Amino acid sequence: MAASAVPWSAHTGATRAPPGPVLWAMAVAGLVAAACSFALAVSSDHVPEPAELQALLMGWITLPYVLGGLIAWRRRPDSRFGPLMVAAGFVAFAGTLAWANTALPFTIGQAFDLLPAVLFLHVFLAFPSGRLESRAERALVGAGYFTAVGLELAGMALGGFGPDNLLAVADEPGAAESLLRGQLVALSVFSLAGVVLLVARRRRAGRPLRRSAVLLIDGFAIALVMIAALFLSAAFEASGFETIRRITFVVIGLAPAAFLVGLLHARLARSAVGELMVELRAEPAPAELPDALARALRDPSLTLAYWLPEFERWADLQGRPVELPRPEAGRATATLVDRDGAHVAALLHDRSLDDEPELLDAVSAAAGIALENGRLQAELRGRLEELRGSRGRVIEAGQKERQRLERDLHDGAQQRLIALSLELGVLEARLGSDPDATARLHRARAEIALSLEELRGVARGLHPAVVSGHGLGVALESLAAGAPIPVELTVRLRGRVEEQLEVAAYYVVCESLANIGKHAEASSATVDVARTNGVLVVEIVDNGVGGADSERGSGLRGLADRVEALGGRLRVWTPLGGGTRVRADLPCA
């Protein structure tokens, strides 16, 4: 009966990390690369003193990016962030080949000299999914790669970077130097543009990010600012270039360190599962469960959706349909919680939580029973919502049918009876000399008039056409005028409300006045209709004997069904000897 958490991406074709031996081999390769960089630095004729410090700074960049990237790749294989970090570390090593005293490694290293800066920009902008989210980001990174690789090869072809450059096909060192200065300025601009994009992304999030994500993004922004400062100082030959370079290397190496601190923080945060277990022992109400899970997962944006198998859809606790976010869209994602192989619920949370699958599993397992209870409540409310909608549709269909019948009676049978009465009147005038025939025709016309009045009463019972034609106020005035007892009518409405609400209010008053005339033994009644705070309130009070039973007979029960189908409420107060009070509250726009 254990619950299991399954990322939404697992249902959409997630990828796998390389096997453990491959990851270990890449880790060893990173260590070898750092050692080679150190050996090249201490033996190089191109590295300024102290060469050991320069070598240590490059190792500070290479190893954290390679090792941190391997950890990220292992923990979140469906993200490209880990492979990008690994690539940045190894490309940083490739750039150190320019320290070599021989031509071939020097040429390779020089070709990669500026590429690590663009890879760092790519890594920072692609956090956490490893994918560039916008066209602006893709355009910026693409321009950076062209500047760092394409223009670098062009400068080498012009004969720049000394005699060890094997790609030189011309002897234009001045042009190569000008081109290099332009590259450095352009890459500085690209780095600052990356800072702007990171700031804009945080603002678009619309809420505080997770603490570890804030630490990382702030580190990314600072690193890009330092890269821009480094390239500008190199382009304009600033006096403090070496100091700026060392500070920049330290800051760049802090980004993967911040990532590892975030992972450690995530492991420590699993202690929150114990606190969640204590909360769940108190059996919190389903409405309180999302807050408890949000605290345990440290994600204030977390919400829940429940799987309703009968309706084959996701819904919130109130039974309203919910669409799960697609894995590739936005910052939100979903983790499905299953029990016995069947969906129970989905945690809708920030995408950065996908980096902590063990925490998601632990929280989902701890909350499994509570989530099942929430699902049952959501399913019940979904059924109630479906029942409410079904009842509303039945009443609406019945109302339309009653309206059609009323119209058919008015346009058909009533008109024929009126025409027949007129014909009999003409015949009565022609037979005026025959008293017996005249008397019979007179009685026939009286019977027709009575039948016509009864037919009109039936038609009004089917559908009050006066409501549709003239509004609720006029219709109630007609009811009050024809009531069996004196009625004090007060209508406080500005304009019309929806016709179905007017019809329901009309029937409440009509049925109540009919009951007063038949059973209440009252001498007077009051009818008050008003619209207050978006609610149409209809109240009927009499001074009769009271004791009305709303459960016996179909009158008041039918009124209650009609009112409740419109989202309203019908109440009856009927103490013995104290009169009866009927009140209907109908929500209206």
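Heads up: the structure comes first, above all this text.
Here the structure is a predicted model, which means the values were calculated and not measured.

Q: Give a detailed account of the overall build of the chain, specifying residues and quantitative values.
A: Within the chain, the regular secondary structure consists of 18 helices and ten strands. Sorting the 589 residues of the chain into buried and exposed places 44% on the buried side. For the chain, restricting intrachain contacts to residue pairs at least 6 apart in sequence, the fraction spanning at least 24 positions comes to 69%. Here the chain displays about 29,000 Å² of accessible surface, and carbon together with sulfur accounts for 60% of that area.

Q: Which residues make up the environment of Thr243, and what values do they have?
A: Within the element layout of this structure, Thr243 appears in helix 9 (residues 241-269). The class for Thr243 is partly exposed, based on a relative accessible area of 48%. Each C-alpha atom, one on Thr243 and one on Leu230, is 9.4 Å from the other, the two residues being 13 residues apart in sequence.

Q: Can you explain the environment of Ala33? Please cite residues and give values.
A: Mapping Ala33 onto the fold places it in helix 1 (residues 20-43). Taking the C-alpha atoms as reference, Ala33 lies 9.3 Å from Gly89; in sequence the two are 56 residues apart. Each residue touching Ala33, except ones within four places of it in the same chain, is listed here: Thr62, Phe90 and Phe93.

Q: Could you give an account of the pattern of salt bridges, naming the residues involved and the relevant values?
A: Working definition: two side chains of opposite charge can pair if their charged atoms are close together. Enumeration over the complete set of coordinates arrives at nine salt bridges. The salt bridge partner of Glu539 is Arg581, with a shortest N-O separation of 2.7 Å. Of this pair, Glu539 sits in strand 8 (residues 535-542) while Arg581 sits in strand 10 (residues 581-587), and the two are 42 residues apart along the sequence. The partner of Arg583 in a salt bridge is Asp585, with the nearest N and O atoms 3.1 Å apart. A relative accessible area of 14% means that Asp585 is categorised as buried.

Q: Kindly report on the layout of surface pockets, identifying the contributing residues and their values.
A: Of the volumes computed, that of the largest pocket is approximately 1,000 Å³. Every residue lining the largest pocket is counted, 36 residues in all, and those nearest its centre are Gln110, Asp113, Leu114, Phe241 and Arg245. Secondary structure elements with two or more residues in the lining of the largest pocket: helix 2 (51-75), helix 3 (81-95), helix 4 (103-111), helix 5 (115-126), helix 7 (173-205), helix 8 (211-235) and helix 9. Taken together, the residues that form the lining of the largest pocket break down as 24 nonpolar, seven polar and five charged.

Q: Quick one: what's the story with the sheet that holds strand 7 (residues 525-532), residue by residue and with numbers?
A: Strand order in this open sheet of five strands is 6-7-8-10-9, and the pairing throughout is mixed. Edge strands, defined here as strands with exactly one partner in the open sheet, are strand 6 (487-492) and strand 9 (569-573). On average, each strand axis in the sheet is tilted by 10° relative to the strand beside it, whichever way the strands run. By the bridge criterion, five bridges tie strand 9 to strand 10 in an arrangement that is antiparallel. Across the sheet, residue Arg571 finds its bridge partner in strand 10, namely Arg583. The sheet strands contacting helix 16 (residues 472-481) are strand 6 and strand 7, and the helix crosses strand 6 at an angle near 175°. In the packing of helix 17 (residues 499-520) onto the sheet, contacts are made with strand 6, strand 7, strand 8, strand 9 and strand 10, and the angle to strand 8 comes to roughly 10°.

Q: Kindly report on the nonpolar core, identifying the contributing residues and their values.
A: In terms of nonpolar packing, the biggest core is built from 57 residues, with Tyr65, Phe81, Phe120, Phe124 and Leu125 touching the most fellow members. At ten residues, helix 5 tops the list of elements feeding residues into this core. Dropping the residues within four chain positions of it, Tyr65 is found in contact with Met85, Val86, Ala88, Gly89, Phe120, Phe124, Ile252, Gly253, Ala255 and Pro256. Formed by 37 residues, the second largest nonpolar core is a distinct cluster that contains Ala504, Leu513, Ala560 and Ala584.

Q: An account of the pairing of strand 6 is requested, with residue identities and associated values reported.
A: Pairing analysis gives six bridges linking strand 6 to strand 7, with the strands arranged parallel. Residue pairing across strands places Glu488 opposite Thr526, the latter belonging to strand 7. Traced from strand 6 through helix 17 to strand 7, the parallel crossover comes out left-handed.

Cut-off values and rules
- Residues numbered from 1 in each chain as written.
- Predicted model: local features only at pLDDT ≥ 70, side-chain atom pairs only at ≥ 80, totals over all residues.
- Heavy atoms only, no water.
- Helix = DSSP H or I, 4+ residues; strand = E, 2+ residues; numbered from the N terminus.
- Buried < 20%, exposed > 50% of the residue type's maximum accessible area, 1.4 Å probe, protein only.
- Contact = heavy atoms within 4.5 Å.
- Areas by Shrake-Rupley, 256 points an atom, 1.4 Å probe, with all protein chains shown as cover.
- Salt bridge = Lys/Arg side-chain N within 4 Å of Asp/Glu carboxyl O.
- 1 Å grid on protein atoms, 1.4 Å probe; cavity = no way out; pocket = protein on both sides within 12 Å on 5 of 7 lines; lining within 4 Å.
- Points joined across faces, edges and corners; volume = space filled by probe spheres on them.
- Nonpolar A, V, L, I, M, F, W, Y, C, P; charged D, E, K, R; others polar.
- Pairing = 2+ DSSP bridges.
- Axes fitted to C-alpha atoms, helices over the stretch in contact; angles between N-to-C directions.
- Core = buried A, V, L, I, M, F, W, Y, C linked by side-chain atoms within 4.5 Å.
- Right-handed = clockwise from strand over helix to strand, strands pointing away.

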